[in-house]
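The lines below spell out each chain.
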Amino acid sequence: MGTFATVISCDERAAGIAFAEIGRIEKLLSKYDPDSEISRLNSAGYIQASPETYYIIKKSKDFSAASSGAFDITVAPLVELWGFKDRDFRLPAKGEIALALQRIGSDKIILNDAGRSVKFSTAGMSVDLGAIAKGYAVDCAVRKLKESGITSALVNIGGETYGLGTKAGRPWTVAIRSPDKKGFAGRLELIDRGVSTSGNYEQFFIKDGIRYAHIFDPGTGMPADSGITAVTVLANDCLIADSLSTAIFVLGKEKGSAFVKNIPGAEIAKIIMEKNVPDHK
Ligand code: AMP
Ligand code: MG
């Protein structure tokens, strides 16, 4: 998935079990693996999906509707156009953005539950599960740990983290990194809970003093500019935390806070705001 994973547990079986499951999910969903189901969907515009791949695409489509389109896995053409796919960043022309927008919208993903078929209604579409796959993989790993009788572990994929049970009777404690990377912006305690942060300080480029980061507003085709620098979300599972933190980053503080209230067990733990002022780094 293009990131790191860590598993902490007193049970020495935990890492093996979790990494095996994460590897299995990665084989289905990774955009870096040309043979993954997602890569095959993106090149053919159609697949008959495994139950897991179908589940996450369906969840993503539903979540797109629930978030008024703020969350949308069909942003992949924008991710590519702005150069985030190959880290070859560029500022596209307005016309290029308008063309890309024609291929965006989860309503253009056609699902059929009976055959688990997934089809794009418009040529040139593609999906990017970067905002939800890590959280899902954490949940899958945690499920496998539980099935093996493991009751205590901290599973982390690229910052999407779940605290299973307690750490010797106390909550798992995780720190939120400051956007300036100099220290910590807070501490959280987790017992059977997931946490996710979305921000603009890990993947971005600066052009003419303006910061352009990797989370896009599917409505405008521009990097989201809601005033949020980083938002950390707690939820009952990591899939919800992951997709929700991305959606709130796009929606902004007010609409995002209202949206979270509709989702049982979820809450914003920390939100850091900053104007998109010229950056002199
Ligand atoms: P995250 O770090 O979980 O917030 O996910 C960000 C990643 O999700 C980006 O690197 C893109 O691959 C993808 N992405 C960007 N914008 C969106 C969006 N509005 N909805 C869903 N996925 C997105
Ligand atoms: Mg996310």
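Preceding this paragraph is the structure being described.
This report concerns the structure included in the present document. Values in this document were obtained by computation on a predicted structure and should not be read as measured data.

### Considerations on the packing of aromatic side chains
Applying the stated criterion to the full structure yields ten aromatic pairs. When the centroid spacing of 5.9 Å and the interplanar angle of 35 degrees are considered together, the rings of Tyr 55 and Tyr 136 count as tilted. Placement of the pair is Tyr 55 in helix H3 (residues 51–66) and Tyr 136 in helix H6 (residues 133–147), with a sequence separation of 81 residues. Their ring planes at 55 degrees and their centres at 4.9 Å tell us that Phe 84 and Phe 89 sit as a pair that is tilted. With relative accessibility at 7%, the residue Phe 84 sits in the buried group. The class for Phe 89 is partly exposed, based on a relative accessible area of 26%. Taken together, Trp 82, Phe 84, Phe 89, Phe 205, Tyr 212 and Phe 216 form an aromatic cluster joined through their ring pairs. Lying across the ring of Phe 204, Arg 211 places its NZ or CZ 4.1 Å from the centre.

### Focus: the sheet that holds strand S6 (residues 160–164)
If you trace the six strands from one edge of the open sheet to the other, you get S1-S5-S6-S9-S12-S13, paired in antiparallel fashion. Two strands lie at the open edges of the sheet, namely strand S1 (5–8) and strand S13 (267–273), each paired on one side alone. Taken over all neighbouring pairs, the strand axes of this sheet differ in orientation by 10 degrees on average, direction set aside. With four bridges joining them, S1 and strand S5 (residues 153–157) adopt antiparallel strand pairing. Note that in S5 the partner of Thr 6 across the bridge is Asn 156. Its contacts with the sheet put helix H1 (residues 14–29) on S1 and S5, and the angle it makes with S1 is roughly 150 degrees. Across the sheet, H6 is in contact with S5 and S6; its angle to S6 comes to roughly 20 degrees.

### Brief notes about the coordination of the magnesium ion (ligand 2)
All of the protein donors around the magnesium ion (ligand 2) are Ala 131 (O), Asp 242 (O), Asp 242 (OD) and Thr 246 (OG1); their distances to the metal are 2.1 to 2.5 Å. We classify Asp 242 as buried; its relative accessible area is 2%.

### Observations regarding unusual backbone geometry
In the Ramachandran plot, Arg 116 falls in the positive-phi region, its phi being about 50 degrees despite a non-glycine side chain. With respect to the helices, strands and loops of the structure, Arg 116 is situated in the loop between strand S3 (109–112) and strand S4 (117–120). Here the phi dihedral of Lys 181 falls at roughly 65 degrees; this positive angle occurs in a residue that is not glycine. If you trace the backbone, Lys 181 turns up in the loop between strand S7 (172–177) and strand S8 (184–190). Assessed through its relative accessible area of 45%, Lys 181 is described here as partly exposed.

Cut-offs and rules
- Residues numbered from 1 in each chain as written.
- Chains lettered and ligands numbered in written order.
- Predicted model: local features only at pLDDT ≥ 70, side-chain atom pairs only at ≥ 80, totals over all residues.
- Heavy atoms only, no water.
- Phe/Tyr/Trp six-rings, centres within 6.5 Å; stacked < 30°, edge-to-face > 60°.
- Helix = DSSP H or I, 4+ residues; strand = E, 2+ residues; numbered from the N terminus.
- Buried < 20%, exposed > 50% of the residue type's maximum accessible area, 1.4 Å probe, protein only.
- Lys NZ or Arg CZ within 6 Å of the ring centre and 35° of its normal.
- Pairing = 2+ DSSP bridges.
- Axes fitted to C-alpha atoms, helices over the stretch in contact; angles between N-to-C directions.
- Contact = heavy atoms within 4.5 Å.
- Donors = N, O, S within 2.8 Å, 3.2 Å for Na, K, Ca; no water.

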